[in-house]
Amino acid sequence: MWPSRNRSSGWPATPWPTLLARHLADPARYPRERAEADFHNQARVNAMRMHNAASYGAARLSPGELEMFQAGPMAYQHYSATTAVCGDALLTPDGHKLAPASDALTHRVTYLEQATRYLDTIEADQRLLAVAL
């Protein structure tokens, strides 16, 4: 499941944010339904979904994390671990918000870099609060 190439086409699968951006740029020529079908019809996405059908609990893979999954097992492991710690956004005591600029992988990784660097600077006795919305 970890090879860098999609078996059916020889190329990595196209991530959802790329297809969504294509749809948003020209909804008449590329309807959302077609973008969704194009995403879900990729061999790599179906492999992830099949893994999820056979797995329970924390072993599930998110097709929304396709780009990171395609980066390899170590990258996916680090991404999952830092996301578990940093979440989707971080609000500092002075009101500054750290968050990805978009769902694109590069923006999510930039946020995780910033958030982990920030967390490295806090005092050992400082309290952290996690909120799930």
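Just above sits the structure.
A brief structural summary. (Residues numbered from 1 in each chain as written. Predicted model: local features only at pLDDT ≥ 70, side-chain atom pairs only at ≥ 80, totals over all residues. Heavy atoms only, no water.)

1. What about the packing of helix α5 (residues 73-86) against helix α6 (residues 105-121)?
Phase 1 of the analysis: At their nearest, the axes of α5 and α6 sit 10 Å apart, and the two run at 60° to each other. Classified by the angle their axes make, α5 and α6 are oblique. Between α5 and α6 lies a crossing whose hand is left-handed. Of the residues in α6, those in contact with Y79, T82, T83, V85 and C86 of α5 are R108, Y111, L112, A115, T116 and L119.
Phase 2 of the analysis: Residue classes in the contact of α5 with α6 are distributed as 7 nonpolar, 3 polar and 1 charged. (Axes fitted to C-alpha atoms, helices over the stretch in contact; angles between N-to-C directions. Helix = DSSP H or I, 4+ residues; strand = E, 2+ residues; numbered from the N terminus. Parallel < 35°, antiparallel > 145°, perpendicular 65-115°, else oblique. Left-handed = near helix turned anticlockwise from the far one by under 90°. Contact = heavy atoms within 4.5 Å. Nonpolar A, V, L, I, M, F, W, Y, C, P; charged D, E, K, R; others polar.)

2. Describing the pattern of salt bridges
Phase 1 of the analysis: Across all of its chains, the model carries 3 salt bridges by this definition.
Phase 2 of the analysis: Among the ionic pairs, R34 bridges to D38, the shortest N-O distance being 3.9 Å. One end of the pair is R34 and the other is D38, both in helix α2 (residues 32-40) and 4 residues apart, which spans about a single turn.
Phase 3 of the analysis: Of the charged contacts, one joins E67 and R108 as a salt bridge, the two residues approaching to 3.9 Å between their closest N and O atoms. Here E67 is found in helix α4 (residues 66-70), whereas its partner R108 is found in helix α6, with 41 residues between them in sequence.
Phase 4 of the analysis: On the accessibility criterion, E67 (25% relative accessible area) is partly exposed.
Phase 5 of the analysis: Residue classification places R108 among the buried residues on the basis of a relative accessible area of 11%. (Salt bridge = Lys/Arg side-chain N within 4 Å of Asp/Glu carboxyl O. Buried < 20%, exposed > 50% of the residue type's maximum accessible area, 1.4 Å probe, protein only.)

Just distances and angles here, no functional claims.
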